[in-house]
Amino acid sequence: ALDEERGVLKLVEAIVSGFGNNDDFLLLLVGYGNARTKIEEYIRMLKIKNIIVIPPIPYSEVPSLISLCSVGLLPLPPHEWWQYQTPTKLLEFISLGKPVIASNLAGIRWISKLVSPFPVILVNEWNGRTLRGSIEKLIRMQLQDQLKLQARQRIIEYFSSKSLAYRLKRLIENLMESKNLRP
């Protein structure tokens, strides 16, 4: 969602600061939210041509759109409600072999370690210089297909519905056993 509390305005400002109207770079924002109008006005006011905002798309089309990207961006602010979340977009980017630049939050750090050495660059400050340097570093990398496949398999291993159901079942069984409860 293009909501202010998700850090999307900060991302747009960092892109403009770091890339300006560079034709070699395009930021695609998808969705609606309370920041969409501000973003569109900002883009119009500065005559920015390399940031495009489109309406939401069907979930079934998300992988096709992500496959067109070079890098995934996750600019969540360091609020306590984001600290331990694992954004679905992070899992989608990695599963599709896209390197990621994301906020340095506990939940994202955990995923970064889980898929290491797959590149997830963690940033503390979303500014033009940091963002440009991180994007250029990731684009210069030549990710091996084997590394992409290993990261995808780790995501599936931990986050497929079958894996999550199994771990939840084991957690419930262990809790019941520790309390001497029988089904």
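Conventions and cut-offs
Residues numbered from 1 in each chain as written. Predicted model: local features only at pLDDT ≥ 70, side-chain atom pairs only at ≥ 80, totals over all residues. Heavy atoms only, no water. Helix = DSSP H or I, 4+ residues; strand = E, 2+ residues; numbered from the N terminus. Buried < 20%, exposed > 50% of the residue type's maximum accessible area, 1.4 Å probe, protein only. Pairing = 2+ DSSP bridges. Axes fitted to C-alpha atoms, helices over the stretch in contact; angles between N-to-C directions. Phe/Tyr/Trp six-rings, centres within 6.5 Å; stacked < 30°, edge-to-face > 60°.

1. Quick look at the overall build of the chain
Next up, step 1: Assigned secondary structure in the chain consists of eight helices and five strands.
Next up, step 2: Listing the helices and strands of the chain from first to last along the sequence gives α-β-α-β-α-β-α-β-α-β-α-α-α.
Next up, step 3: Projected onto its principal axes, the C-alpha positions of the chain cover 65 × 35 × 30 Å.
Next up, step 4: Across the 183 residues in the chain, those meeting the buried criterion constitute 39%.

2. Some words on the sheet that holds strand 4 (residues 100-103)
Next up, step 1: The sheet built from three strands is open, its strands ordered 3-4-5 with parallel pairing. Here the strands that pair on one side only, and so sit at the sheet edges, are strand 3 (72-74) and strand 5 (120-123). Going across the sheet, the axis of each strand differs from the next one's by a mean of 15°, ignoring polarity.

3. Things to note about the packing of aromatic side chains
Next up, step 1: Under the definition given, this model contains four aromatic pairs.
Next up, step 2: An aromatic cluster of at least three residues, connected via ring pairs, comprises W110, Y158 and F159.

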